[in-house]
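The lines below spell out each chain.
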Amino acid sequence: MPAEHVGPPPVPPHPPRTVLAATAVGKRYDGIPVLAEAGITLRAGEVHALVGENGAGKSTLVKILSGVVRPDTGRVLLDGREVAFATSRQASAAGVALVSQELAIFGDLSVAENLFPHGLPRRAGLTSNAEAERRARPVLDELGLRLRLDTRAGDLDLADRQLLEICRALLTEPRVLILDEPTSALPKEAVDRLAAVLLRTRGRGIAVLYISHYLEEVLRFSQRVTVLRDGRVTLGGAEIATVDLAALVTAMLGEEHAAPEPRAAPAPAPASGPAREPGAAAVVLDSVTVPGRLDRVSLTARRREVVGLAGLQGAGHLTVLEVTGGRARPASGSVRLPGGVAPRSLRQATGHGVAFVPSDRKRYGLMLDRPVWENITSVSWLGLHRGGLLLHRRALVDRAARSARSLRVDGGVHRRTGELSGGNQQKVVFAKWLDTDPSVMLLDDPTRGVDIRARAEMHAVIRALADEGREGRAVLVASTDLSELVELCDRVLVLQRGRIVDELSGERLTQQALSVSMNAGFAG
Amino acid sequence: MTQPVTAEESTADRSHGAGPRGRAWRRRLMRDELGVSLVLVLLVAAAGIAHPAFVHKDNLLSIAQNSSYVGLMAVGMVFALAMREVDLSVGGTYTLCLVVGAVLIRDGTDPWLSLLVTLPLAALLGAFNGLVTTVLEIPSFIVTLGTAMLYRGMALALADGRQISNLPAGNSFFTVLGGTVLSVPTSVWVLLVALIVFTVVLTRTRFGAQVRAIGSNPEAARFSGLPITRTRIKALALTGLMSGVAGALALAFFIAGDPTVGQGYELTAIAACIIGGTSLAGGRGSVPGAVFGSLILSVVAAALVFFQVPINWTTFATGAVILLAVALDSALRRSRGVGLKQGAAAVVSRLFRRSA
Amino acid sequence: MTQPVTAEESTADRSHGAGPRGRAWRRRLMRDELGVSLVLVLLVAAAGIAHPAFVHKDNLLSIAQNSSYVGLMAVGMVFALAMREVDLSVGGTYTLCLVVGAVLIRDGTDPWLSLLVTLPLAALLGAFNGLVTTVLEIPSFIVTLGTAMLYRGMALALADGRQISNLPAGNSFFTVLGGTVLSVPTSVWVLLVALIVFTVVLTRTRFGAQVRAIGSNPEAARFSGLPITRTRIKALALTGLMSGVAGALALAFFIAGDPTVGQGYELTAIAACIIGGTSLAGGRGSVPGAVFGSLILSVVAAALVFFQVPINWTTFATGAVILLAVALDSALRRSRGVGLKQGAAAVVSRLFRRSA
Amino acid sequence: SSGSAGGGSSAGSGSGAGSGAKLKMGIAVANISLNFAHEMVLGAQSAADHAGGVDWTAVGPPNTDGPAEQQLFTSLTSTAHDGVVLENLDPPIFTRPAAQAVAKGVPIVALDTSPTPGSGVTFYVGNDNYQLGVELAQETLKRLGTDPHGTVVVGEPNPGTPVLDSRAKGIKDTLNAKAPGITVLGPFQTYSDPAQNYSAWLSQVHAQPHALAFLGVGDADSYDLARIKQQEKGSYLVAGMDVDAKTLEDVKAGLDFVTIDPEHFLKGYIATTLLIDAVKQHKSLPQGWFETPGLVVDQSNVDAIIQRETSAQAAYSWYKSQIDSLLGDVAANLKPLSDAR
Ligand SMILES: Nc1ncnc2c1ncn2[C@@H]1O[C@H](COP(=O)(O)OP(=O)(O)OP(=O)(O)O)[C@@H](O)[C@H]1O
Ligand SMILES: Nc1ncnc2c1ncn2[C@@H]1O[C@H](COP(=O)(O)OP(=O)(O)OP(=O)(O)O)[C@@H](O)[C@H]1O
Ligand SMILES: [Mg+2]
Ligand SMILES: [Mg+2]
């Protein structure tokens, strides 16, 4: 088994017992079928992967499994008995825990209160952080979350919030653990820890279902895989040994796409040939210091160049984006945008052609209650005041529709953005910044939760952005996904403790090299 | 005029965009102003059936006029609420503009010219609210609670605690603005114009879109480089301006500057907005809804007079009827409401046969 | 008691989790109740320096007592606001309980036993607010605006529009509840107890956590299956209960049931909460803050009397001072505030040397 | 001119409705929650009952809000089109609505506050509020002995209310004129909400611990001041106006040394009777200000007043003789409108 190298697979009890199963599940939204005859079976002690394109129906299926959404047709069986959970609470009481894609964090509450949303453990009738500490700490440590339990959850970054939710699920001691894209926001080191945790849970005979767009990851962690395409199962619970990457891609995209979609495979990046020579300097940081976050960082990003930023959590690579985008102000040193202006605020930076694509789309990216087209046009019309005082609705809608189509945002631009699937929402955030025709792009996990095809296409768009236009554009990318940096970037700057410690490019730019130099000096 | 707003409102509606445009459109209409307007009609109909005199043109017009002051404030308030702010100083602004206008006119300023002072002043007072909110980083609720007293206090001090009367009642300012045009009270015309203009502003202009975008997700708005401070100040200035307009009209009608009027109007105005479908949580707002809301509140008060509710029960009855009205509204919103619609139609037609 | 609150209160601050326990703890304190309490102290100090009689024990105690009624309502209101609801009917509930109690006692019920009616009634009225809000799916703002009139109307009808007096003033109910214990007004003791108890309830019980969770992120709450309806009803019942307690204390003190009391208390209570750091957007709430807030409002009113503000300027001055107070508060919140703290300390010590 | 015209036409409309069907009439008051309004409504109601053949309505907003009352008044003029008694706290607001009603031919009687010139209302029944203030001041002086020295604090619930303003002025002027040794402070704002009113007065007492007297011009002032005097065992004099149940107890208990009773019931009764008579007998309303007296209530007569307050009947039988004499010769009690204060 290819999973062998991850660690000794504790032999699952024979014969593998089915814990949770869904059969012939159908679900429609507004008459549009989202799931049709979909089904899946989870066995005790297995890690089962669920993959598919954006909008294929993965989240919907797992929401049905865990009682968040009711199916129109079909049945859900727990230990062979049919169940109809009214709420996710009932589900978790029955041992089915879901970590959903749209994080359910209570920002104003403490980490402890978020870990036990139905009530902190009590001592003498009063909730007790100490008791919570005692119960939660081991799990937190397993996942490498070093947090004080009285920290306000809203102050955590996306990765920590993701881990926090996984802890919350683990603390319910589930028999079925469902993770919807747990790794899309996680840095490599966290992913590895999660993998270890999953392996252990597997040992305890827990069934794990997890959704991911990282196919290698899927092949490494899971024993079986189910593939959804347009709400139908195209590969049902196949033993991982029997499938390879090509097979998965075919199942996801269909025969016609498998072959003519070379970029679909996470093979070497398309345009990273040395053909282009970079243009004029667009972004210049000169010994920029942000107390506690950046320490005398200097860098130059030229037009026609995609510069990657890598680092462990808190290494400062994100702060580089923030000072460039005007979100954070350097205490000393200088930041220069094209035309020599210094970014003073998000608004002013936007005005000078900076596009800042945040990774936390729900919080910083989208108006979930507005239609897609309003989101896509909001920066250019409402931020940059392009397009006049009066609404030219048709014009805006058409423009939005065009870029939505080019990025494969499924469903019309009149849909409420909150109804889109996670990946499609991410595409909308990207589209709304493309719509501003920026001269500098700051990307933080630009393809978070986007499927491999759309991801490859977005990469192509980013490259094109860098190269085309009057004299090209500068792109700064930070990503938790090292392969993305390798595929996309001309060179990658590695930061540690707020300092640039390494620069990788050309042949030296590989995932291994990256993770080595990111971790260098942190022996072990 | 409802179409665009309702349409815009409906974006909150999950089934938006999907399904044939026509159906969606009807559903949206159903979901929004039609709800309140129907409630309004039903209330009038009910009162009219019991007391035909209630639906007499003059009575309805005077009700409309009485609601117009709070109605105008509500129109302004929609913008504040749509961007997650609230303005408790509309009553104070109203009073101050009323008194300033009266003082100017008493001291010989041409009544019409006094508008050149009072209206800009009103906008300024509103902008001040926005400025303080921004600079001090404190919720507009508390800021405007303070400025409400500030403005009302100025009015009281300026009027030296007395009502300012014996103004030149004959002047065209009082006869026209305070009178009727085509036998409809001028303030009702103004309300109608405001309704149309600001519906367009909210749903069809960049400013309106900015207001709603900021209210929908302030953090995202900041990230998208929207001019949040400027928009907030503009929006609150607009709210202030509308209170000023209401004040000017009240002055023209009452022909007197009374520093004690306008107490508690802020809550009535906010209530009108919310009844009309504007959300305290921001992002959504309906100008026509706000106007219907204020009309509903006036109708309730007036109707109770016709029903000769014993004086000690008036407050109770008012509360009860308002609750019934909003309950009916929510029922309409939730049911596709077709049945109710037909029922209402029947009632209304019967009524008009009756009163004709 | 503050520590847990502040822990929960501490507002967005990225570097937060990092710092060593002590520092973070101090910083949080600084950010929260200390701000308002400092403002309170400064106001008292300022007034005391100008008019030593102001800081005389009796005067301070009577100010505390006068603030206790709104203070209790504010304590309840924190729970409503923390879960994104608002209760505009606290004034009405207060009045109704006051009048019901008075009627019962007048008609011969034992005053103490009357509590067995009025307090459950208060909780019931609050629960009714929650129920209507849930069933009709309309904002509690509009529901409670209606029930406010409903409740006040009942009081008016029940009292037949006149004051209910001739109560057995000698009864221990009036002498104890309306009197003083250890020469501190009983209502102040009650407020103190409420402060402690409900600080614990909000910060250290599951109910409190659920209230804040729902207010912080309703979707997430629904997703994780928190008992939203039940919690809402409980929270609003609690708000109602506190108004009932205030009503009972007022009855015991004034020894008369007056259906006209309590107008506009709702805004004052909400203002007190917000001044104290509770957010209208839900999720965060501070019980001590609310109490300090209501104290600040009372101190302002009382101080102005000592400064003999002319009648026509009273409103203006009140508004101005309140704005200054909140401005100072926000300044304190933003600056680490150390300088100001020392300044304040100095002032206070000098003052007490003076008045001793 | 428009006044007499209104009067004339009103008689006309009166005849229209008067023949056969019940007359539709009513009263609008400033605030249905407050005792004084309540008393006037009672007076008006019993007058209507005694007159007979009248369908009587009373309306008013739940809290003092001129425009709100104005809206109710406007509605009332279309339901009670045979005649309306208008009690309000800010006459200017009613200038146009009253004028419109008069123009429609609805006879209007102003009650408690004198109508503005433009309103077309030319008959007003009410107290001399300035005089009420004077009386309170005189009663105070009686109890302060000869040539008193010290301060007297005057409070007024809501500034900007003409009735209260003139009462306060009456107090101030009298004290200043008759007692040079007394410094009058105020009037200060004491708020109408009883609890707020209590707090305001308590602060006043603490701010002026050595004052000779604290005098209010509103209803809450009376019983709140009494409560404070009792609580603080004060040696100062306290008094206010109106005859709320609590106030009467306090007078009986000697806490309030007096309370000035504007005799609202009487006012309401007189105004209503004269309106109904005019309409029934198709004659136009009297012109001018019909001054109704006020009454000084102290321990000597408080019991009778308490008895009077028990019911409308009790009130009527108490006032009967007074009513008869006042209505006996209306002309004698009429003063020019312009003198009203
Ligand atoms: N609440 C909703 N209302 C309407 N349509 C919805 C709703 N939720 C999901 N959909 C639609 O159902 C389809 C499947 O969504 P789903 O979230 O299951 O996709 P997914 O496989 O999770 O995609 P992704 O990989 O991007 O997360 C999408 O077209 C989405 O727009
Ligand atoms: N963030 C935004 N960006 C661009 N335009 C916006 C934004 N927010 C609101 N608007 C404009 O305000 C208009 C009001 O919305 P509304 O839906 O009523 O228009 P509409 O023509 O009625 O659309 P529909 O009929 O599809 O609902 C929106 O159509 C949109 O054009
Ligand atoms: Mg998904
Ligand atoms: Mg739309």
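Chain A goes by Sugar ABC transporter ATP-binding protein in an unreviewed UniProt entry, where it is assigned to Streptacidiphilus cavernicola.

Caption draft 1: Seen up close, the coordination of the magnesium ion (ligand 3). Residue and element names in this part refer to chain A. At this site the magnesium ion (ligand 3) is bound by Ser59 (OG) and Gln101 (OE1), with donor distances of 1.9 to 2.0 Å. Residue Ser59 is located in helix α1 (residues 58-65), and its partner Gln101 is located in the loop between β6 (96-99) and α3 (111-115); the two are separated by 42 residues in the primary sequence. For the pair Ser59 and Gln101, a shared accessibility class is recorded, and that class is buried.

Caption draft 2: Layout of the packing of helix α7 (residues 140-158) of chain B against helix α15 (residues 314-334) of chain C. In contact at an axis separation of 7 Å, α7 of chain B and α15 of chain C are set at 155° when each is read in the N-to-C sense. With respect to α15 of chain C, the element α7 of chain B is oriented roughly antiparallel. Classified by chirality, the crossing of α15 of chain C by α7 of chain B is left-handed. Contacts from Ile142, Val143, Gly146, Thr147, Met149, Leu150, Arg152, Gly153, Met154 and Leu156 of chain B of α7 of chain B reach α15 of chain C at Thr315, Phe316, Thr318, Gly319, Ala320, Ile322, Leu323 and Val326 of chain C. Of the residues belonging to the contact of α7 of chain B with α15 of chain C, the class tally is 11 nonpolar, six polar and one charged.

Caption draft 3: Structural view of the interface of chain A and chain B. Facing 35 residues of chain A, the contacting portion of chain B comprises 30 residues. Roughly 2900 Å² of surface becomes buried between chain A and chain B when both sides are summed, with 52% attributable to carbon and sulfur atoms. Broken down residue by residue, the surface that chain A buries against chain B is led by Arg347, Arg370 and Leu382 of chain A, which jointly contribute 19%. The interface formed by chain A and chain B contains one salt bridge. Our enumeration of links across chain A and chain B arrives at 13 residue pairs in polar contact (both at pLDDT 80 or more). Contributions of two or more residues to the side of chain A that touches chain B are made by α11 (346-351), α12 (361-365), α13 (372-383), α14 (393-406) and α15 (422-434) of chain A. Counting residues per element, the side of chain A that touches chain B draws most heavily on α13 of chain A, at five residues.

Caption draft 4: Representation of the relation of the copies chain B and chain C within the structure. When chain B is fitted to chain C, the best match, at an RMSD of 0.2 Å, comes from turning it 180° and sliding it 0.1 Å along the axis. A rotation of that kind, with that shift, is consistent with a two-fold axis. Of all interface residues in chain B, 98% are interface residues in chain C too; the two copies therefore contact each other through one and the same surface.

Caption draft 5: Seen up close, the interface of chain B and chain C. Of the residues lining the interface, 40 residues belong to chain B; the matching set on chain C comes to 39 residues. Both sides of the chain B and chain C interface together cover about 3500 Å² of buried area, and 82% of this is carbon and sulfur. The interface formed by chain B and chain C contains zero salt bridges. Counting every contact that joins chain B to chain C gives four residue pairs in polar contact (both at pLDDT 80 or more).

Caption draft 6: Structural detail: α7 of chain B. Residue and element names in this part refer to chain B. With 19 residues, α7 should cover 27 Å at 1.5 Å per step; its first-to-last C-alpha distance of 26 Å lies within 8% of that length. Among the 19 residues of α7, 16 are classified as buried, and the element is accordingly described as predominantly covered. Looking one or two places after α7, you find Asp160, whose phi comes out positive at around 50°.

Caption draft 7: Focus on the side chain of Asp435 of chain A. All names here are of chain A. Inspection of the secondary structure puts Asp435 in the loop between α15 and β18 (440-444). A relative accessible area of 15% means that Asp435 is categorised as buried. Here the side chain of Asp435 touches Ser380 through a polar contact of 2.7 Å, side chain to side chain. Separated by 2.8 Å, the side chains of Asp435 and Arg399 make a polar contact. Asp435 has contacts with Ile376, Thr377, Ser380, Arg386 and Arg399, leaving out every residue within four places of it along the chain.

Caption draft 8: Spotlight on the environment of Ala207 of chain D. Within the secondary structure layout, Ala207 of chain D lies in helix α7 (residues 194-207). Those residues in contact with Ala207 of chain D, other than ones at most four positions away along the chain, are Val305 and Phe306 of chain C.

Caption draft 9: View of the domain arrangement of chain A. All names here are of chain A. Along its sequence, chain A is carved into domain 1 (18-105 + 173-257), domain 2 (106-155) and domain 3 (304-312 + 347-488 + 502-519). Using C-alpha coordinates to define each centre, domain 1 is positioned 27 Å away from domain 3. Counting each side, the surface lost to burial between domain 1 and domain 3 is near 1800 Å², with a carbon and sulfur contribution of 47%. By the criterion of area lost to domain 3, the three top residues of domain 1 are Asn54, Glu102 and Lys188, representing 29% of everything that side buries. Put simply, Glu102 and Arg361 hold a salt bridge, and the shortest N to O gap is 3.9 Å. Where domain 1 meets domain 3, there are five residue pairs in polar contact (both at pLDDT 80 or more). At three residues, the largest contribution of residues to the side of domain 1 that touches domain 3 is made by helix α8 (residues 245-253).

Caption draft 10: Geometry of the pairing of strand β9 (residues 176-180) of chain A. Residue and element names in this part refer to chain A. By the criterion of burial, β9 is predominantly enclosed, with five of the five residues buried. Residues Val176, Ile178 and Asp180 of β9 are buried on one face, and the alternating residues Leu177 and Leu179, pointing to the opposite face, are buried as well. Examined bridge by bridge, β6 and β9 share four bridges and lie parallel to one another. Bridged to Val99 within β9 is Leu179. Across five bridges, the pairing between β9 and strand β10 (residues 207-211) is parallel.

Caption draft 11: Here's a closer look at the packing of aromatic side chains. Under the defined criterion, the tally for this structure stands at 31 aromatic pairs over all chains. With 6.3 Å between their ring centres and 85° between their planes, Trp201 of chain D and Phe214 of chain D make a pair best called edge-to-face. Taken as a pair, Trp201 of chain D in helix α7 and Phe214 of chain D in strand β8 (residues 213-216) lie far apart in primary sequence, 13 residues in all. Just as Trp201 of chain D is buried, Phe214 of chain D falls in that class too. Three or more aromatic residues joined by ring pairs form one cluster here, namely Phe265, Tyr269, Tyr316, Trp318 and Tyr319 of chain D. In this arrangement the basic side chain of Arg327 of chain A is found over the ring face of Tyr364 of chain A, its NZ or CZ atom lying 4.7 Å from the centre. One residue, Arg227 of chain D, lies across the ring of Phe253 of chain C, its end atom 4.4 Å from the ring centre.

Caption draft 12: The arrangement of the UniProt feature "domain: ABC transporter" (unreviewed entry) in chain A in detail. With numbering aligned to this structure, UniProt lists the feature "domain: ABC transporter" (unreviewed entry) at residues 20-255 and 275-522 of chain A. Helix makes up 34% of residues 20-255 of chain A and strand makes up 29%, while its end C-alpha atoms are separated by 30 Å.

Caption draft 13: Structural view of the site of ligand 1. Within the structure, ligand 1 sits among 21 residues, and Gly55, Lys58, Ser59, Thr60 and Gly423 of chain A are positioned closest to it. Per-site note: the chains with residues close to ligand 1 are chains A and B. A distance of 3.4 Å separates an oxygen atom of ligand 1 from a polar backbone atom of Ala56 of chain A. Thr60 of chain A is positioned with one of its side-chain polar atoms (N or O) 2.6 Å from an oxygen atom of ligand 1. Summarising the interface, the protein chains cover 92% of the accessible area of ligand 1, which totals 630 Å² for the free molecule. For the shell around ligand 1, the secondary structure elements donating two or more residues are α1 and α15 of chain A. For the shell around ligand 1, the leading source of residues is α1 of chain A, giving three residues. When the residues that make up the shell around ligand 1 are grouped by side-chain class, the tally is four nonpolar, 10 polar and seven charged. Both of domain 1 (18-105 + 173-257) and domain 3 (304-312 + 347-488 + 502-519) of chain A provide at least three residues apiece to the shell around ligand 1.

Caption draft 14: Quick peek at the sheet that holds strand β13 (residues 281-290) of chain A. Residues and elements named next belong to chain A. Sheet architecture is open: three strands sit in the order β14-β13-β16, paired in antiparallel fashion. Only two strands of the sheet have a single neighbouring strand rather than two, namely β14 (294-302) and β16 (332-336). Going across the sheet, the axis of each strand differs from the next one's by a mean of 10°, ignoring polarity. Bridge count for β13 against β14 is six bridges, and the pairing is antiparallel. Residue pairing across strands places Val290 opposite Leu294, the latter belonging to β14.

Caption draft 15: How the structure looks around a nonpolar patch on the surface. Residues and elements named next belong to chain B. The grouping of Trp112, Val176, Val181, Leu182, Trp189, Leu192 and Ile196 at the surface amounts to a nonpolar patch, some 600 Å² of accessible area in total. No other element matches helix α9 (residues 186-204), which puts three residues into the nonpolar patch. In this fold, Trp112 is placed in helix α6 (residues 111-136).

Basis of the calculations
Residues numbered from 1 in each chain as written. Chains lettered and ligands numbered in written order. Predicted model: local features only at pLDDT ≥ 70, side-chain atom pairs only at ≥ 80, totals over all residues. Heavy atoms only, no water. Donors = N, O, S within 2.8 Å, 3.2 Å for Na, K, Ca; no water. Helix = DSSP H or I, 4+ residues; strand = E, 2+ residues; numbered from the N terminus. Buried < 20%, exposed > 50% of the residue type's maximum accessible area, 1.4 Å probe, protein only. Axes fitted to C-alpha atoms, helices over the stretch in contact; angles between N-to-C directions. Parallel < 35°, antiparallel > 145°, perpendicular 65-115°, else oblique. Left-handed = near helix turned anticlockwise from the far one by under 90°. Contact = heavy atoms within 4.5 Å. Nonpolar A, V, L, I, M, F, W, Y, C, P; charged D, E, K, R; others polar. Buried area = accessible area lost by both parts, 1.4 Å probe. Salt bridge = Lys/Arg side-chain N within 4 Å of Asp/Glu carboxyl O. Polar contact = N/O pair within 3.5 Å; in protein donor to acceptor, adjacent residues only side chain to side chain. Least-squares fit on C-alpha atoms with pLDDT ≥ 70 in both. Expected span 1.5 Å × (residues − 1). Domains from an automatic or database assignment. Pairing = 2+ DSSP bridges. Phe/Tyr/Trp six-rings, centres within 6.5 Å; stacked < 30°, edge-to-face > 60°. Lys NZ or Arg CZ within 6 Å of the ring centre and 35° of its normal. UniProt positions renumbered as here; feature names shortened; annotations may be inferred. Near = heavy atom within 4 Å. Areas by Shrake-Rupley, 256 points an atom, 1.4 Å probe, with all protein chains shown as cover. Patch = residues over 30% accessible without salt bridge, like charges linked within 9 Å, V, L, I, M, F, W, Y side chains within 5 Å.

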